[in-house]
Amino acid sequence: MTAKSEDLFVEIDDVKLCYRVEGDPSHPPVLLIMGLNSQLIHWPQQLVDKLKEEYLVIRFDNRDSGLTRWRTGEPPADGYRLVDMANDAIQLLKHLGIDSAHIVGASMGAMIAQRLVINCPERARSLCSIMSTTGNIWVGYAQPGVIGELIKEPPSDQEGAINHIAALYALIGSKTHAGEEAPRRRALAEAAYKRSLDSNGAPAHPGGGARQVGAILLAGDRTKELNGLTLPTLVIHGNEDALIHISGGKATRKAIPGAQWLGDPEKGVQGMGHDLPQPLLDAVANGIIDHLNTADETAWRPVEGTKGQGARTNAATP
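Residues numbered from 1 in each chain as written. Predicted model: local features only at pLDDT ≥ 70, side-chain atom pairs only at ≥ 80, totals over all residues. Heavy atoms only, no water.

Q: Would you take a moment to explain the environment of Lys-254 for this structure?
A: Take Lys-254: it is sitting in helix 9 (residues 246-255). Residue Lys-254 is classed as exposed on the basis of its relative accessible area, which comes to 75%. Linking Lys-254 and Val-235, residues 19 residues apart in sequence, is a C-alpha distance of 9.9 Å. (Helix = DSSP H or I, 4+ residues; strand = E, 2+ residues; numbered from the N terminus. Buried < 20%, exposed > 50% of the residue type's maximum accessible area, 1.4 Å probe, protein only.)

Right, dumping it as structure tokens:
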């Protein structure tokens, strides 16, 4: 039986978390974690559809994004940290009865993923770090002016806000594929805007982007901790990334023993910015699936009566 895509909710420590589950519950689970000012819908459905052919795909809105809401109605007065966001992901897995999953993160979501696998390695089957960095301030830097645009509050009217969001996607996204991506960026901006409104039609997460940036800045350098990881890892980065320079991806690959790299050894995925443009989705999806398949060195046997959970046995065992 295949799990259908719909917005589901669970109350965990600080938030009422919105999530979706797609695919066959008997298949190995993969958890997708999205990044700064982004929502679960920022994972292209084409990519999700490809993954769910072989995996149970779980994605969610981070705190301060999309349909996820603060349980108290207000964010913590002193903000939060990446470790808090990683804990949100772990609590979701616990809610779903999943002991461990493949962890795939993009941008800030990959920073959260890194923190998750560092703190709770038993929860992770593998790691895929997309367009991200290690926390070392000398790598993975943004082009001048980009961060300021990202944390700027959008216009109050709907049309202005959607135009603002679409312009941000163009600022940080692929330049090679900008023309064909323009209508998709506009449609995504409109969908993201509408999912970020409260019941009164007002923005549901004022200041949320700044709080997420704060969590990134306070996270520190994870390089030494990444040096200690032993799980299969794939790093994906594009040569046109204006938000996180490709040096961040290279540093991540160097930091994690045995980490693999998708694309050109120096340029990574050519034509990819800080986005997942449609013309490159097949290459990215195939790279991720090859990585996940390789990481599954032992057979996956579904446990009857569980949801997205299974027993791992030696592949040579009949």
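Q: How do you make sense of the pattern of salt bridges when you look at a structure like this?
A: Two side chains with opposite charge may pair up if their charged atoms get near one another. Under the definition given, this model contains 17 salt bridges. Its salt-bridge partner being Asp-88, residue Arg-63 comes within 2.7 Å of it at the nearest N-O pair. Remark: Asp-88 occurs in helix 2 (residues 82-95) and Arg-63 occurs in the loop between strand 4 (56-60) and strand 5 (69-70); sequence separation between them is 25 residues. On the basis of relative accessible area, Arg-63 is assigned to the buried category, the value being 1%. Through salt bridges with shared partners, one network takes in Asp-7, Arg-20, Asp-61 and Arg-195. (Salt bridge = Lys/Arg side-chain N within 4 Å of Asp/Glu carboxyl O.)

Q: Explain the environment of Leu-92 here, please?
A: Relative to the elements of secondary structure, Leu-92 occurs in helix 2. Residue classification places Leu-92 among the buried residues on the basis of a relative accessible area of 0%. Leu-92 sits 170 residues away from Leu-262 along the chain, and the two C-alpha atoms are 29 Å apart. Those residues in contact with Leu-92 that lie beyond four places of it in its chain are Val-10, Leu-17, Tyr-19, Leu-31, Ile-58 and Phe-60. (Contact = heavy atoms within 4.5 Å.)

Q: Even after reading the chapter, I still don't get the packing of aromatic side chains, so can you show me in this structure?
A: Each aromatic ring pair is described using two quantities: the centre-to-centre distance and the angle formed by the ring planes. All chains considered together, the criterion is met by one aromatic pair. With centroids separated by 5.8 Å and ring planes inclined at 45°, the aromatic side chains of Trp-70 and Tyr-80 adopt a geometry described as tilted. With Trp-70 in strand 5 and Tyr-80 in the loop between strand 5 and helix 2, this pair connects stretches of sequence that are 10 residues apart. Residue Trp-70 is classed as buried on the basis of its relative accessible area of 11%. Between Lys-16 and the ring centre of Phe-9, over which it is positioned, the NZ or CZ distance is 5.4 Å. In this structure, Arg-253 is placed above the aromatic ring of Trp-261, and the distance from its NZ or CZ to the ring centre is 4.6 Å. (Phe/Tyr/Trp six-rings, centres within 6.5 Å; stacked < 30°, edge-to-face > 60°. Lys NZ or Arg CZ within 6 Å of the ring centre and 35° of its normal.)

Q: Whenever I open this one, helix 7 (residues 208-217) confuses me. Can you help?
A: For an α-helix, 3.6 residues make a turn, and residues three or four places apart therefore share a direction. Among the residues making up helix 7, those that are buried are Gly-208, Gly-209, Arg-211, Gln-212, Val-213 and Ala-215. Those residues of helix 7 hidden inside the fold are in contact with helix 2, helix 3 (108-119) and helix 4 (146-151).

Q: How should I be thinking about the layout of surface pockets in this particular structure?
A: The probe, sized like a water molecule, is rolled over the atoms to show the empty space still left. What the second largest pocket holds in volume is close to 460 Å³. For the lining of the second largest pocket, the residue count by class is 12 nonpolar, six polar and one charged. (1 Å grid on protein atoms, 1.4 Å probe; cavity = no way out; pocket = protein on both sides within 12 Å on 5 of 7 lines; lining within 4 Å. Points joined across faces, edges and corners; volume = space filled by probe spheres on them. Nonpolar A, V, L, I, M, F, W, Y, C, P; charged D, E, K, R; others polar.)

Q: How should I be thinking about the pairing of strand 8 (residues 233-236) in this particular structure?
A: Note on strand geometry: in a regular strand, side chains alternate between the two faces of the sheet. Covered by surrounding structure in strand 8 are Thr-233 and Val-235 together with Leu-234 and Ile-236, the residues of both alternating faces. Here strand 8 runs beside strand 9 (residues 260-261); their pairing, made up of two bridges, is parallel. Directly across from Leu-234, in strand 9, lies its bridge partner Gln-260. What joins strand 8 to strand 9 is helix 9, and the crossover it makes is right-handed. (Pairing = 2+ DSSP bridges. Right-handed = clockwise from strand over helix to strand, strands pointing away.)

Q: Could you clarify how one ought to interpret the environment of Gly-228 in this entry?
A: Positionally, Gly-228 belongs in the loop between helix 8 (223-227) and strand 8. Spatially, the C-alpha atoms of Gly-228 and Val-15 are 31 Å apart, while their sequence positions differ by 213 residues.

Q: What is the right way to look at unusual backbone geometry in this model?
A: When glycine is set aside, most residues are seen to have a negative phi, and most peptide bonds are trans. We note that Asn-37 has phi near 55°; this positive angle belongs to a residue other than glycine. According to the relative accessible area criterion, Asn-37 is partly exposed, its value standing at 35%. Not every positive phi belongs to a glycine, and Met-131 is a case in point at roughly 40°. Within the element layout of this structure, Met-131 appears in the loop between strand 7 (124-130) and helix 4.

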